[in-house]
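Tertiary structure, described
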Amino acid sequence: MDEAFRDWVSNPDDTYYILGSVVGPHPYPYLVRELQSIIGKEAKDQIIKATTGLPDAVFACVGGGSNAIGIFHAFLGDESVELIGVEAGGKSQKLGDNAATLASGKPGILHGTYSMLLHDEDGLVQETHSVSAGLDYPGVGPEHAFLQSIGRVTYTSAEDDEALEEVRACCSMEGILPALESAHAFVGAKKWAQANQGKTILIGLSGRGDKDMPTLSKVLKI
């Protein structure tokens with residue numbers, strides 16, 4: 001994003017900027033939210049057909065937050081549905097060891113957006129860490145920050161080791177190789193399910209893990 005912005009502002013006559021996450025300057029967060037909202041619309045229709053009702057909780061991983069806002073959007077008006085976003089807890093809660101912006105960040109401006117950021121006392125945005133490249137971002141979509149501020153969505157985090165364990169579990173039990181990003185949502189859903197047995201859960205399985213095989217081969221020693 002840094003390099004794309006530099007090129008865009010330096011060459012406005014022949015450069016077109018486009019982004020796939022709900023971050024950056026307006027109207028990108030809005031546009032991407034509207035496009036990604038098809039995820040929530042389809043998921044809502046599917047779970048109603050499968051269970052004859054709404055889920056008790058919806059889980060999604062959150063980096064910039066495009067897949068999460070996509071699945072949450074259809075349920076925002078359904079007060080009975082609990083919405084939980086799961087960020088990348090990385091190696092620890094120490095600044096620089098994770099990408100859990102909403103869990104431990106502070107307000108600031110990055111890439112033209114006022115939202116929650118991982119920055120130090122001097123306002124300098126810090127490097128982040130996650131085993132999942134797709135969640136490794138020091139900011140988050142402004143709509144997520146707003147939804148947290150009004151208490152509509154709860155945001156938690158999952159550490160690298162926990163996400164890797166859920167990759168193993170999903171492969172073993174479902175025959176599905178989830179993306180490392182998606183595995184973070186499984187961590188949050190598993191913890192919630194243990195405390196809320198008998199409830200209906202919808203998880204945003206936002207991608208396949210084929211792209212993660214080099215990382216998985218290394219860290220899981222496959």
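Everything below is about the structure shown above.
A brief structural summary.

Basis of the calculations
- Counting restarts for each chain, with residues numbered from 1 along the sequence as it is written.
- Local features in this predicted model are restricted to residues of pLDDT 70 or higher, and side-chain atom pairs are both shown and tallied only at a pLDDT of 80 or more, whereas totals for entire chains, interfaces and linings draw on every residue.
- Hydrogen atoms and water are omitted, and side-chain values are computed over all heavy atoms in the structure.
- Under the DSSP-based scheme used, a helix requires at least four consecutive residues in state H or I and a strand at least two consecutive residues in state E, with every element numbered from the N terminus.
- Residue burial is assigned from relative accessible area. The probe radius is 1.4 Å, only protein chains are included, and a residue is buried under 20% of its type maximum, exposed over 50%, and partly exposed in between.
- Exposure was quantified through the Shrake-Rupley algorithm and a 1.4 Å probe, taking into account, for residues, occlusion by the shown protein chains and nothing else.
- Charged-residue counts in this description rest on Lys and Arg as positive and Asp and Glu as negative, His and the chain ends being excluded.
- Working definition for charges: the position is that of NZ of Lys, CZ of Arg, CG of Asp or CD of Glu.
- What makes a nonpolar core is a set of buried Ala, Val, Leu, Ile, Met, Phe, Trp, Tyr and Cys residues whose side-chain atoms join them at distances within 4.5 Å.
- Note on contacts: a residue pair is in contact if any heavy atoms of the two residues lie within 4.5 Å.

With that settled, consider the overall build of the protein. Across its full length, the protein holds 8 helices and 6 strands. The N-to-C order of helical and strand elements in the protein reads α-α-β-α-β-α-β-β-α-β-α-α-β-α. Here the protein, with 222 residues, has 47% of them falling under the buried criterion. In the form shown here, the protein has an accessible surface area of approximately 11,500 Å², with 52% of it arising from carbon and sulfur atoms. Mean positive and mean negative side-chain charge positions of the protein (17 and 30 charges, respectively) differ by 6 Å.

Before going further, it helps to examine the nonpolar core. Core analysis: the biggest nonpolar cluster contains 22 residues, and V58, I71, F72, L83 and L202 have the highest contact counts within it. Counting residues per element, the ones that place at least two in this core are helix 2 (28-51), strand 1 (57-61), helix 3 (66-72), helix 5 (142-149) and strand 5 (153-159). If one sorts the elements of this core by residue count, helix 3 sits on top with 4 residues. Not counting the four nearest positions on each side in its chain, V58 is found in contact with I71, F72, F75, V81, E82, L83, I84 and L202.

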